[in-house]
Amino acid sequence: MPRMSRHPAVPLAWAILVAGLTMARGDEPVPPLAIRGGVVHTMAGPAIADGVVLIEDGKIKAVASAAEVAIPPGTRVLQAAVVTPGLVDAHTVVGLTGWINQPQDQDQLDPTEPVQPELRAIDSYNPRERLVEWLRGFGVTTLHTGHAPGALVSGQTMIVKTTGDSVEAAVIRPTAMVAVTLGDDARPGGPDAEKKSPGTRSKAVAMLRGELVKAGEYVRRRAAGGDEQPDRDLRRDVFADVLARRLPLLVTVNRATDIDAALRIAAEFKIRIVIDSGAEAYLCLDRLKSTGVPVILHPSMRRAGMGETENISFETAAKLRAAGIPFALQSGFEGYVPKTRVALFEAAIAAANGLTTEQALAAITSDAATILGIADRVGAIKPGLDGDVALFDGDPFEYTTHCTGVVIDGRVVSGDAR
Amino acid sequence: MPVCDARCRLRIVIAACLAATTLIAPAGVTGGQDHPVAFVGGRVLPITGPAIERGTVVVAGGKIVAVGSAATTAVPPDAERIDATGKVIMPGLVDTHSHVGGGWGGDASSPIQPDVRILDSINVRDAGFRKCRAGGLTTLNIMPGSGHLLSGQTIYAKLRKADTIDDVLYRDADGRILGGMKMANGTNSQKEPPFPGTRSKSAALVRQKFLKAIDYRRKLEAAGDDAAKRPDRDLEMEGLLDVLDGRTIVHHHAHRADDLLTVVRLREEFGFKVVLHHASEAWKVAGALAKAQTPCSVIVVDAPGGKIEAMDMSLATGAILEQAGVPCAFHTDDPVTDSRLFLRTAALAVRAGMSRDKALEALTLAGAKMLELDRRIGSLEPGKDADLILLSGDPLALRTKVLQTWVEGRKVFDREDPDDRLFAVGGYGASRDQTAHACCTDNRMAETR
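What you see as residue numbers is a count from 1 along each chain, following the sequence as written. The order in which chains are written sets their letters, starting at A; the order in which ligands are written sets their numbers, starting at 1. Only residues with pLDDT of 70 or above have their local features reported here, since the model is predicted, and side-chain atom pairs are shown and tallied only from 80 upward, although totals for entire chains, interfaces and linings are computed over all residues.

Attention now goes to the overall build of chain B. If you tally the helices and strands in chain B, you get 12 helices and 17 strands. Across the 449 residues in chain B, those meeting the buried criterion constitute 57%. Placing C-beta atoms from the backbone, we regard two residues as in contact once those atoms come within 7 Å. Within chain B, counting contacts between residues at least 6 apart in sequence, those at least 24 apart form 70% of the total. Numbering goes from the N terminus for both helices and strands, where a helix is a DSSP run of H or I of at least four residues and a strand is a run of E of at least two. We call a residue exposed when 12 or fewer other C-beta atoms sit within 10 Å of its C-beta, buried when the count reaches 20 or more, and partly exposed for counts in between; the C-beta positions come from the backbone.

Here you go:
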């Protein structure tokens, strides 16, 4: 492992290294693969009836109606009633949290300090986690995963494929966002919780603003150089990337009050943010629309009646869509049973509550990829993108339909009907 | 359309008389409707028989009086007619395991508390009840949590519109309140003394307590009518005797295969009636459970794990129990599954191989049997309570909506009513009166945060 630095050039170096490892993983060439579907939802145009997806060298080579695509002789052909891009779970903690739910597999939150943006997701991710395999079996090929809500700044998130034996083999973006929580969930727990900060909403916002101000001063003094410049500081380095708009804050908020607070901070520091969860986002449609801030909406089936999410609605996705606000769906964080939700199932409930099938699919494919900044890799079936495809024996969202196959980078990684 | 003939009217009168005399009607609640209602032209799923494609269901006096083909089933002339063309009618759903209502059972003082009644702590105005009605649920077994070996007495709740807990109670002909007894083994009930630290200790504590109740019963019987010799009344012992004498069913939380079989072993020793709840690993011992004819109330969740005992839970449990011949019902364990998504539970079981018929039965009649309420609810048959739901389509289809929910011939949910709709889809105010009680999950959630 190389020593990781937060110097802006280093993510690039890391990406090159990862690319090298990815190629190393693929020492054995990926044989070409064709997938023929009764309906192919490309998410890059209208659905194609009786379509063929051709994958070569792990990348989409062609997609069109069967009449228009010549499948090279000897190519393995998979069949399915419905074909979609590999699904993108726009926010989860799986891989940092494990299914056992014991201390040894719960690395999504270090509660010892309220502000720890220096915690990297890549240092905790377990690619062999059973829940990763579970999600993959339901067509999920890409995860935006990392540190959980529950501390003011809990750490970094990253983007991985649901395959690979190491984080290096799985990762697409080693650092995607910085996980921030405002509202009740930002309050520390444990013994003497009432003596710890942040103890109120206003305190949480003040602390976050303070960190961003200090990071700005850090950047200024480092740039000035000389003997007076401050020592390297992992925490300030991350916030410096936020101030430079290299990294967005993923701000987990539910009450409208807190959504507005997040937008206020974004405007003050001119930083990029993504609203996460957003139970009351339907009360903030005009502000979200005017700022262009995207929403990674809570799981459709997230429980109500637990404090800040008590006003949650099955119809928020449809309202965001109608308002023209970019949004994606997620599996979220679960502390008990079930230990994770499944993006496919959450999008299904949105499809049953006001979204069309294509709109709900977009929330776990193309729109999710766009919000995550990876639309050049995944989220649609079009030439040049990764060969990530999910196969279904019917309407992907229907309860009794099965996911019959999953392909990642042109390799069949799941063939069990699930 | 045919009108109600003499036989039809006679059925209505008989049903109304039954409702007024022998069955239910807790104090202060009439239980019955004021005029007959006929649901005409819908696809009727009686559960006890094949689907009726264009069927009619007539309800009067809070009871079902006729179920049959629309062409041959008479509608009383004074009946309110509800056009169900293109829609589906099935019995109200029976949830064998719910925590709705914010109730608490036993406290931290001891692991076995058979004197404690959940009914003394339930808020019938809890928004959760409205969400249950929006999900098509008409009967719940409301349980205390699983953090005790025995956490208290459950109630079987009829989801009438209610002002007091009395309004939702089921009672028998003698006026006795109907409910079960909640027990649990495995890790949830293990903690610092006086709670058990191991599985064997758990079983030993339960056995000792039941032996004490047997002694209590012996003293009662020995005293006969001699008031001087009678032991003092003891609420704990009375609760356990209800179990030992078969008046109260044990609803037993258990996940692991060996824990399930421990319950069977205790049942064989003491002879109580029991339903196994959650039953995450029942699929591993389906043969043994079939041989023991132990009914299972199963939860279906979207992913395994979350606790060690649930790591091997399977979407296919329903299918495997069906094949083995083990009676199987489903439950929400609300808040684990939102009650508005109860139909989805059965659909996921079908996805994993259960038959449609058995899955629908597991939402209705199978659960009714596990509460011993199947003479009154669980299917659309003349003489049963007029608890039914009107659906926009197939009950196992994603986009199907519960349009109306009826309890004893009265509409208790209508999706077209904006106030009801709020509770069906959520939104601002949709959790009014709902508490943040999360049953057995609070500690676990706190620990993992």
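From this point, things continue past the structure.
Looking now at the overall build of chain A. Within chain A, the secondary structure is distributed over 11 helices and 16 strands. A globule of 418 residues ought to have a C-alpha radius of gyration of about 22 Å, and chain A, at 21 Å, matches this closely. With the principal axes as the frame, chain A shows a C-alpha extent of 65 × 50 × 40 Å. Relative to its full complement of 418 residues, chain A shows a buried share of 58%. Each radius of gyration reported is based on C-alpha atoms, and the globular scaling rule is 2.2 Å times the count of residues to the power 0.38.

Residue and element names in this part refer to chain A. Each domain's extent was defined by an automatic or database domain assignment. In terms of domains, chain A is made up of domain 1 (31-85 + 381-418) and domain 2 (87-378). The centre of domain 1, based on its C-alpha atoms, is set 30 Å off from the matching centre of domain 2. Residue-level contacts link 18 residues of domain 1 with 22 residues of domain 2. Among the elements that make up the side of domain 1 that touches domain 2, the one with the highest residue count is strand S15 (residues 403-408) (three residues). In the side of domain 1 that touches domain 2, the residues fall into 10 nonpolar, three polar and five charged. Lys, Arg, Asp and Glu make up the charged group, whereas Ala, Val, Leu, Ile, Met, Phe, Trp, Tyr, Cys and Pro make up the nonpolar group; the residues left over, Gly among them, are polar.

The interface is formed by 40 residues belonging to chain B together with 41 residues belonging to chain A. If you list the elements that add at least two residues to the side of chain B that touches chain A, you get helix H8 (342-351) and helix H12 (442-448) of chain B.

Another point: the pairing of strand S14 (residues 389-392) of chain A. Residue and element names in this part refer to chain A. Burial of S14 is two-sided: the residues Val389 and Leu391 facing one way and the residues Ala390 and Phe392 facing the other way are all buried. A pair of strands is treated as paired once DSSP finds two or more bridges between them. Here four bridges tie strand S4 (residues 76-85) to S14, and the two strands are oriented antiparallel to one another. Bridged to Val82 within S14 is Phe392. One ladder, built from four bridges, connects S14 with S15; its direction is antiparallel. When the bridges of S15 are listed, Phe392 appears paired with Cys403.

Residue and element names in this part refer to chain A. As summarised here, the arrangement of the seven strands in space is S3-S2-S1-S4-S14-S15-S16, forming an open sheet in which the pairing is mixed. The outermost strands of the open sheet, each flanked by one partner alone, are strand S3 (59-65) and strand S16 (411-414). Here the average twist between neighbouring strands, direction ignored, is 40 degrees. Pairing geometry for strand S1 (residues 33-40) and S4, over seven bridges, is parallel. Across the sheet, residue Gly37 finds its bridge partner in S4, namely Ala80. In this description, a line fitted to the C-alpha atoms serves as the axis of each element, helices being fitted only across the stretch in contact, and the angle between N-to-C directions of two axes falls anywhere from 0 to 180 degrees.

Residues and elements named next belong to chain B. Put simply, helix H2 (residues 127-134) and helix H11 (residues 418-425) touch, their axes get as near as 8 Å, and they point 90 degrees apart. With respect to H11, the element H2 is oriented roughly perpendicular. Of the residues in H11, those in contact with Ala127, Arg130, Lys131 and Ala134 of H2 are Asp420, Phe423 and Ala424. Classifying every residue of the contact of H2 with H11 gives four nonpolar, no polar and three charged. When describing relative orientation, an angle under 35 degrees is termed roughly parallel and one over 145 degrees roughly antiparallel, while 65 to 115 degrees is termed roughly perpendicular and anything else oblique.

Moving on, we come to the confidence of the model for chain A. The predictor's confidence in any single residue is recorded as pLDDT, a number from 0 to 100. For chain A, the mean per-residue pLDDT works out to 93, and 93% of the residues sit at or above 70. Every residue in residues 1-26 of chain A is under pLDDT 50, and counting partners more than four places away or in other chains gives 19 contacts.

Let us look at the sheet that holds strand S8 (residues 150-153) of chain B. All names here are of chain B. As summarised here, the arrangement of the six strands in space is S8-S10-S11-S12-S13-S14, forming an open sheet in which the pairing is mixed. Each end of this open sheet is capped by a strand with a single partner; those strands are S8 and strand S14 (328-330). If you compare each strand with its neighbour and ignore which way they point, the axes differ by 25 degrees on average. As paired strands, S8 and strand S10 (residues 181-184) are joined by three bridges and run antiparallel to one another. Residue Gln153 lies in a different strand from S10, and its bridge partner there is Met181.

Here we take up the nonpolar core. Taken as a class, soluble globular proteins show a tendency for nonpolar side chains to be buried jointly. What we call a nonpolar core is a set of buried Ala, Val, Leu, Ile, Met, Phe, Trp, Tyr and Cys residues whose membership is set by joining through C-beta atoms within 7 Å. Within the largest apolar cluster, 257 residues are counted, with the highest numbers of intra-cluster contacts made by Val53, Ala347, Ala363 and Ile364 of chain A together with Ala282 and Ala346 of chain B. Sorting elements by how many residues they give to this core places helix H9 (residues 343-351) of chain A first, with eight residues. In contact with Ala346 of chain B, other than residues within four places in its own chain, are Phe330, Ala359, Leu360, Ala362, Leu363 and Leu396 of chain B.

This part is about the domain arrangement of chain B. All names here are of chain B. As assigned here, chain B comprises domain 1 (1-92 + 378-415) and domain 2 (93-372). Between the C-alpha centres of domain 1 and domain 2 there is a distance of 29 Å. Taken residue by residue, the interface counts 23 residues in domain 1 and 30 residues in domain 2. Those elements that place two or more of their residues in the side of domain 1 that touches domain 2 are strand S16 (402-407) and strand S17 (410-414). Ranked by residue count, the leading element in the side of domain 1 that touches domain 2 is S16, at three residues. In terms of residue class, the side of domain 1 that touches domain 2 is built from 14 nonpolar, seven polar and two charged.

Here the focus is the environment of Gly147 of chain B. Relative to the assigned elements, Gly147 of chain B resides in the loop between strand S7 (137-142) and S8. Expressed as a C-alpha distance, the spacing of Gly147 of chain B and Phe195 of chain B, which sit 48 residues apart in the sequence, is 9.4 Å.

Attention now goes to the packing of helix H4 (residues 201-224) of chain A against helix H6 (residues 256-269) of chain A. Residue and element names in this part refer to chain A. Running from N to C, H4 and H6 point in directions that differ by 20 degrees, and their axes come no closer than 11 Å. Here H6 runs roughly parallel to H4, going by the angle between their axes. Of the two possible hands of crossing, H4 and H6 adopt the one that is right-handed. Between H4, through Arg201, Val205, Leu208, Arg209 and Leu212, and H6, the contact on the second element is made entirely by Thr257, Asp258, Ala261, Ile265 and Phe269. Across the contact of H4 with H6, the residue classes tally to six nonpolar, one polar and three charged. Each helix crossing is assigned a hand: it is left-handed if the near helix lies turned anticlockwise from the far helix by less than a right angle, otherwise right-handed if that turn is clockwise.

A few words now on unusual backbone geometry. Pro193 of chain B connects to Pro194 of chain B through a cis peptide bond whose omega is 10 degrees. Following the sequence through the fold, Pro194 of chain B ends up in the loop between S10 and helix H3 (199-223). Going from Asp334 of chain B to Pro335 of chain B, the amide bond is cis rather than trans, its omega being 25 degrees. Secondary-structure assignment places Pro335 of chain B in the loop between S14 and H8. For Ser277 of chain A, which is not glycine, the phi torsion reads 80 degrees and is therefore positive. Look at Ser277 of chain A and you get buried, because 30 C-beta atoms sit within 10 Å. The phi dihedral of Gln293 of chain B is positive, around 45 degrees, even though this residue is not glycine. With respect to the helices, strands and loops of the structure, Gln293 of chain B is situated in the loop between helix H6 (286-292) and strand S13 (296-298). Here Gln293 of chain B falls in the exposed class, since 10 other C-beta atoms lie within 10 Å of it.

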